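Listed below are the residues making up each chain.
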Amino acid sequence: MKFSGIGGQAVIEGVMMRNRDAYAIAVRKPDGEIEVKKSSSKSLCDRNRVAALPIIRGVVKFVESLTMGMSTLNYSASFYEDEEEANEKKDEEKGEKGDGLLMGIVTILSVIIAIGIFMLVPFFISEALRKVIRSPQLRGLLEGVIRVVIFVLYVKLISLMEDIKRVFMYHGAEHKCISCIENGHELNVENARKASMVHKRCGTSFLLIVMFVSILFFMFIVVGNMWLRMALRILLIPVIAGLSFEFILYAGNHDNPVVNVLSKPGLWLQSLTTREPTDDMIEVAMASVNAVFDWSEFLAHYDEPAEEAAATKEKAASKEKTKSREKDVSEEKTKSEEKAVSKENSSGIEILNIDDSDEDDEILNALDRYFEAPKPEDQKK
């Protein structure tokens, strides 16, 4: 398997794929057509050196993923709104501001609820057993086990919902397409169908790693005050998320026995968050991949060492940027020329554009024949 750099997320009746600064959302509309929207989003890690530091970049990427995830879910859901709801929408500018504000509120509330359920509930349960279990290390271990059990039960319960089942099927389609490419196969429905539904860089694995890392933290960070212990559960979340991101990033780029063993629990848990997709779901995921990733170019250099492949990728990206700049300059020049012609025409002057050299020669020859021909007076003489 070779690291491609692309990642994705399942949305309502669709898949979002991201590669570098570009991301695309492909959605199967109610009429059966596939709608693909391509956009760009530059990470803060690419614009700020501090944000790109290890551990800190994990926190930044996690927040950006949450924000983009809510945005793409909101976009995919818009295709399935009732007509009455669509007609009641206000003008686009106000609607966009309202949607942005609502998305921000929902994201914050989601984080608060998640912290309450997965961090504080296990903490209070372990604290209730303080008189029975004297060892803080054992209580920390018990707290972590309770946290994992709650998470697994939560995923299991929501998977019973019909809409969530379909999202999990699109999640499987997303994984299959990425696995197909990274295992060196052409991206088509037949090859993707045979590919694996689990992946080491999956967000499900990330969440499980977060829980395991939190067990290690809270087993050995012991303070006497209960409220301080509770505050540490919240304050250390960014550090735990950052460390977990570094592991997921390393695991996604390396394939060795140690990494494979450590990644196993996350891969097992993905059996709850992925389902076998249908062929039309794979087609949607493929459309999203094709919009942001040149997999044929990736496969052409599949057998090259990682360093050479990275250099080739950088050259391709540089060429693409150069072409884009040249195209922009050409379009700007064309627009300027059109504006100049339009300005001349508006002043009442007719502009004749004579580019054909053959026509020029014919006109000149006709003029020569006219002036060289004898005048009627000369002929009479």
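If you're wondering where the values come from, they're calculated on a predicted model, not measured in any experiment. (Residues numbered from 1 in each chain as written. Predicted model: local features only at pLDDT ≥ 70, side-chain atom pairs only at ≥ 80, totals over all residues. Heavy atoms only, no water.)

*Asks:* Describe the overall build of the protein, with residues and values.
*Replies:* For the protein, the count of helices and strands is 15 helices and 4 strands. Within the protein, the proportion of its 381 residues that are buried is 32%. In the protein, of all internal contacts separated by at least 6 residues, the share reaching a separation of at least 24 is 69%. Accessible area of the protein: about 23900 Å², with a carbon and sulfur share of 60%. (Helix = DSSP H or I, 4+ residues; strand = E, 2+ residues; numbered from the N terminus. Buried < 20%, exposed > 50% of the residue type's maximum accessible area, 1.4 Å probe, protein only. Contact = heavy atoms within 4.5 Å. Areas by Shrake-Rupley, 256 points an atom, 1.4 Å probe, with all protein chains shown as cover.)

*Asks:* Tell me about the packing of aromatic side chains, and please be specific about residues and values.
*Replies:* According to the stated counting rule, one finds 7 aromatic pairs in the structure shown. Between the aromatic rings of Tyr-75 and Phe-79, the centroid separation amounts to 5.2 Å while the plane-to-plane angle is 90°, which identifies the pairing as edge-to-face. Using a relative accessible area of 18% as the deciding quantity, one classes Tyr-75 as buried. A ring pair is formed by Phe-118 and Tyr-154, whose centres lie 5.8 Å apart and whose planes are at 80°; its orientation type is edge-to-face. Residue Phe-118 is found in helix H3 (residues 92–128), and its partner Tyr-154 is found in helix H4 (residues 136–158); the two are separated by 36 residues along the sequence. What makes Phe-118 buried here is its relative accessible area of 15%. When its relative accessible area of 43% is taken as the criterion, Tyr-154 is described as partly exposed. (Phe/Tyr/Trp six-rings, centres within 6.5 Å; stacked < 30°, edge-to-face > 60°.)

*Asks:* Account for unusual backbone geometry, with residues named and values stated.
*Replies:* Backbone geometry at Glu-13 places phi at a positive 55°, although glycine is not the residue there. Examined against the element boundaries, Glu-13 turns out to sit in the loop between strand S1 (7–11) and strand S2 (14–19). One non-glycine residue, Arg-20, adopts positive backbone phi at about 60°.

*Asks:* If you had to explain the packing of helix H7 (residues 203–220) against helix H10 (residues 257–273) to someone new, which residues and values would you point to?
*Replies:* At a minimum axis distance of 8 Å, the contact between H7 and H10 shows a crossing angle of 125°. Classified by the angle their axes make, H7 and H10 are oblique. Remark: the crossing between H7 and H10 carries right-handed chirality. Contact residues: Thr-204, Ser-205, Leu-208, Ile-209 and Phe-212 in H7; Leu-262, Pro-265, Gly-266, Leu-267, Leu-269, Gln-270 and Thr-273 in H10. Across the contact of H7 with H10, the residue classes tally to 7 nonpolar, 5 polar and no charged. (Axes fitted to C-alpha atoms, helices over the stretch in contact; angles between N-to-C directions. Parallel < 35°, antiparallel > 145°, perpendicular 65-115°, else oblique. Left-handed = near helix turned anticlockwise from the far one by under 90°. Nonpolar A, V, L, I, M, F, W, Y, C, P; charged D, E, K, R; others polar.)

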